[in-house]
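One letter stands for each residue in the lines below.
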Amino acid sequence: MKTVRVDFGQTKFANKKTNQKDRVVLDTTKTINGHILIAGASGTGKTHQLRRVIDAMSKQPPHPRFHIIDVHGDLDIPGASSCKFSESSPYGVNPLKVDPDPHSGGVRKRARSFIASLNRTTSKLGTKQESALYHLLTDLYEANGFYLDKPESWDVKTDLRRNPRHPKKQPTLGDLKTFAEWRLAQMTTGAGSKALSKLDELNRKVRQLHRKSDKGDDSEQKQVEKLRAEAADLYREYVMAVETGRELPQYLTYAGRDVMQSVFERISNLESSGIFRPRKPDFDLNAPVRRYDISALSRDEQILFIDFLASEMFQAARRKGQAAHPRDFIVIDESHAFVSAEPDHILNVIIRESRKFGIGLILASQSLSDFPDDIIANTSTKVILGLDEMFHASTARKLAIDPKRFGWVYPRRTALIQIKRAGDTSNRYLDVELC
Ligand SMILES: Nc1ncnc2c1ncn2[C@@H]1O[C@H](COP(=O)(O)OP(=O)(O)OP(=O)(O)O)[C@@H](O)[C@H]1O
Ligand SMILES: [Mg+2]
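Residues take numbers from 1 onward in each chain, read along the sequence in its written order. Each chain gets a letter, beginning with A, and each ligand a number, beginning with 1, in the order they are written. Two thresholds apply to this predicted model, a pLDDT of at least 70 for residue-level local features and 80 or more for giving and counting side-chain atom pairs, whereas whole-chain, interface and lining totals are computed over all residues. Hydrogens and waters are ignored; side-chain quantities use all the structure's heavy atoms.

Looking at an unreviewed UniProt entry, one finds the protein chain named AAA+ ATPase domain-containing protein and attributed to Rhodovibrio sodomensis.

Encoded structure:
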C-alpha cells in the first residue's frame, strides 16, 4: 500500500553514519497516531505548514478527508468545498443530537456535555440554572421518545413511545426553546404557581411575627388568618387542577420562575445566533477538503460550534468502526482557544480514543504552554516553528526539552520537529531546515 507522506525538509546536521542530511518526512501510516501539533508565534508559518500538510496528504492514497475549521477565514485551499456559518446561513450543527451508543452515548451524557460546553464560554451558568437546564433537557428528550434509563430508546430508529403523534426525531435547539417557553408559561400562569407564591407570602408573614417578642397585634393576626385562608383556597384550586401528576415536582426541579426565565433567555440567545440549525451544510461530497468558515461567529459561538461539531464527527467515526489509519482529519487553527483541561472535553476524548476509529487531529497554536497534557502526550507529530520568548520556559517544561533549543529556531527557515513512530520510545526533537 502506498503511504501518505509529507516532506518537512532536511535535518540541520548531517547523519553521523552516512555523513548526509536526512529528509524529515511524516508518514501517518507509521506514526503512533495521526495527530499533529503545529506551534509558532504569529507570522512563523503555521497556516503555511497547515496548507502544505493538507495539500500533500489529500492528494495521496488513501486520500483522507480534511475538515478544516477556519476561525480566521484564511485557510482557503484550492479545490476545497467551503461553507460559511453565520446568523443568516441556512445550516448549522445540532448540539442536542443523542449518541445512540449504549456505553458511551445517551441522554445523560448529551445533556451534561451540552451544559459543560456552555460553561466553557464567557458566561457560566449558576448551579440552579444548570440544574434547571439539565431537567429541561431530559424532559425534552423524554417528550421526544429518548429516555434516560432506556439505552434502546437512544436510537432515533427505535420508537418506544405509546401513541406518537409525529415520527421520532432528534430534538433541536429550536425545540428546546419552544419547550422552555411552554414550561415558563405553565409556571407563570398555572394554579400551582399562584398557590406557591401565596404560601410564600404567608410563610414570610408568619416568620416576621415569630421573630417579634409579642405575638403581634390583632390586625397582624387577622392578616395572617386572611393569608392562610387565601392560600388554602388556592391550594384547593391547585389540587383540583392536577392533571399529569407531575405539577409539583416540575415546579420544584425548575427552582422557580426566575431561574427558568434566565435559562430561557440563555437558550433564546443561543438559538438566535443561527448556527445551531439542524440542517447539515451542503458540502461537495467528492471534495477531499471541507472548510467550515466560522470567522463570522463570536469567540463564544466558535467554542460551542467546535465542541458540537467535533462530538458529531467522533460519533460518526465510531459508527463507521475501526480503521488502521486516519480516514478523517479535523484541522483547527488558533486551537489554544478551543482546548480544555477537562478530561471529558471532546478534543481530549478524540486525542485519546480516536486513533482506532480513524480520526486525526491537526491543531495549530501560538503557544503550547496552556495546552492540556493529554494533547501533548498523545500527539505523535509536533512541529515547533519559533515561539515568543515568553513561552520558551513553559513550553520547554511541557515538552521536556532544553529551552535553549527554541532560541536556535529561525522562523520560516528552521523548526524543531518530533515524529514518534511505532516502536520509537525516544523523545527526540530534530533541528530541521524547512522546505
Ligand atoms: N517555510 C516558509 N517558506 C516560505 N514562506 C513562508 C514559510 N512559512 C511562512 N511563510 C510565509 O510567511 C507569511 C506568514 O506565514 P503564515 O500566515 O503561515 O503565519 P502564521 O503563523 O499562520 O501567522 P498568524 O499566527 O498570524 O496566522 C506567509 O506569507 C507565508 O506564505
Ligand atoms: Mg495563521
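Okay, back to it.
1. Considering the packing of helix 9 (residues 299–320) against helix 10 (residues 346–353)
To keep things clear, this is the line we draw: Where helices are involved, their axes are fitted lines through C-alpha atoms of the stretch in contact, as for all axes, and angles between N-to-C directions lie from 0 to 180°. A helix here means a DSSP run of H or I that spans at least four residues, while a strand means a run of E at least two residues long, and both kinds are numbered starting from the N terminus. These descriptions rest on fixed angle ranges, namely under 35 degrees for roughly parallel, over 145 for roughly antiparallel, 65 to 115 for roughly perpendicular, and the rest for oblique. It is the rotation of the near helix from the far one that decides the hand of a crossing: anticlockwise by less than a right angle makes it left-handed, clockwise makes it right-handed. Throughout, a contact is declared for two residues whenever any of their heavy atoms are within 4.5 Å. Under the scheme applied here, ten amino acids are nonpolar (Ala, Val, Leu, Ile, Met, Phe, Trp, Tyr, Cys and Pro), four are charged (Asp, Glu, Lys and Arg), and all others, including Gly, are polar.
Look at helix 9 against helix 10: their axes get within 9 Å of each other, and the N-to-C directions meet at 30°. Taken together, the axes of helix 9 and helix 10 are roughly parallel relative to one another. Where helix 9 crosses over helix 10, the handedness of that crossing is left-handed. Of helix 10, the residues touching helix 9 (which contributes Asp 307, Ala 310, Ser 311, Phe 314 and Arg 318) are Ile 346, Leu 347, Val 349, Ile 350 and Glu 353. Across the contact of helix 9 with helix 10, the residue classes tally to six nonpolar, one polar and three charged.

2. What about the sheet that holds strand 7 (residues 328–332)?
Rule in force here: Here the rule is simple: two strands pair whenever DSSP picks up at least two bridges between them.
Spatial ordering of the open sheet is given by 2-1-11-10-9-3-8-7-4-6-5, a layout of 11 strands whose pairing is mixed. Two strands bound the open sheet, and with one partner strand each, they are strand 2 (23–27) and strand 5 (81–84). Each neighbouring strand pair of the sheet contributes to a mean axis angle of 25°, computed without reference to strand direction. Bridging between strand 7 and strand 8 (residues 359–365) involves five bridges; their strand directions are parallel. In the strand pairing of strand 8, Phe 329 is matched with Gly 360.

3. A few points about the site of ligand 1
Note the cut-off: Only a single heavy atom is needed: when it lies within 4 Å of a molecule or strand, its residue is near that molecule or strand. Under this definition, polar contacts are N or O atom pairs within 3.5 Å; protein pairs additionally need one hydrogen-donor-capable and one acceptor-capable atom, and for neighbouring residues in sequence, both atoms have to be side-chain atoms. Computed with a 1.4 Å probe, the accessible areas rest on the Shrake-Rupley method; for each residue, only the protein chains presented here act as cover.
Near ligand 1 you find Ala 41, Ser 42, Gly 43, Thr 44, Gly 45, Lys 46, Thr 47, His 48, Gln 366 and Arg 412, and these make up its full shell. In the environment of ligand 1, an oxygen atom lies 2.7 Å from a nitrogen or oxygen atom belonging to the side chain of Thr 47. Here an oxygen atom of ligand 1 sits 3.2 Å away from a polar atom, N or O, in the side chain of Arg 412. With the chains in place, 65% of the 630 Å² that ligand 1 exposes on its own is no longer accessible. Tallied by class, the residues present in the shell around ligand 1 amount to one nonpolar, seven polar and two charged.

4. Re the side chain of Ser 335
To be explicit about the condition: The rule is simple: take the accessible area with a 1.4 Å probe, protein chains only, and divide by the maximum for that residue type; under 20% is buried, over 50% is exposed, in between is partly exposed.
As for its placement among the helices and strands, Ser 335 is situated in the loop between strand 7 and helix 10. A relative accessible area of 0% places Ser 335 in the buried class. Excluding its chain neighbours within four sequence positions, the residues that come into contact with Ser 335 are Leu 363, Ala 364, Ser 365 and Phe 371.

5. Re the domain arrangement of the protein chain
One widely used convention gives an interface's size as the accessible area the parts lose upon coming together. The test is simple: As used throughout, domain bounds are those supplied by an automatic or database domain assignment. A carboxyl oxygen of Asp or Glu within 4 Å of a side-chain nitrogen of Lys or Arg is what we treat as a salt bridge.
For the protein chain, the assigned domains are domain 1 (5–71 + 294–434) and domain 2 (107–272). A C-alpha centroid distance of 46 Å is found between domain 1 and domain 2. On the domain 2 side, the residues contacting the 10 residues of domain 1 number 10 residues. One can count two salt bridges joining domain 1 with domain 2. For Asp 307, the salt bridge identified is with Arg 120, shortest N-O distance 2.7 Å.

6. Describing the nonpolar core
In plain terms, the rule: Residues grouped as a nonpolar core are buried Ala, Val, Leu, Ile, Met, Phe, Trp, Tyr and Cys residues, joined through side-chain atoms within 4.5 Å.
Ranked by size, the top nonpolar core spans 79 residues in total, and within it Phe 114, Leu 133, Leu 136, Leu 137, Leu 176, Phe 305 and Ile 384 carry the most contacts. In terms of residue count, the dominant contributor to this core is helix 9 (10 residues). Residue-level mapping places this core at the junction of two domains, with at least three residues from each of domain 1 (5–71 + 294–434) and domain 2 (107–272). Each residue touching Leu 137, except ones within four places of it in the same chain, is listed here: Leu 96, Ala 111, Phe 114, Ile 115 and Leu 176. Within the second largest apolar cluster, 28 residues are counted, among which are Ile 68, Leu 385, Ile 419 and Val 432.

7. Comments concerning the packing of aromatic side chains
In plain terms, the rule: Only rings of Phe, Tyr and Trp enter the pairing, Trp through its six-membered ring, and a pair is recorded when the two centres are within 6.5 Å. The plane angle decides the type: under 30 degrees is stacked, over 60 is edge-to-face, the rest tilted. Distance and angle both matter: a charge sits over a ring if NZ of Lys or CZ of Arg is within 6 Å of the ring centre and within 35 degrees of the ring normal.
Tallied over the entire structure, the rule returns 10 aromatic pairs. By the ring-pair criterion, three or more aromatic residues cluster together here, those being Phe 85, Tyr 91, Phe 283, Tyr 292 and Phe 305. Lying across the ring of Phe 146, Lys 168 places its NZ or CZ 4.3 Å from the centre. The side chain of Arg 413 reaches across the aromatic face of Tyr 410, ending 5.2 Å from its centre.

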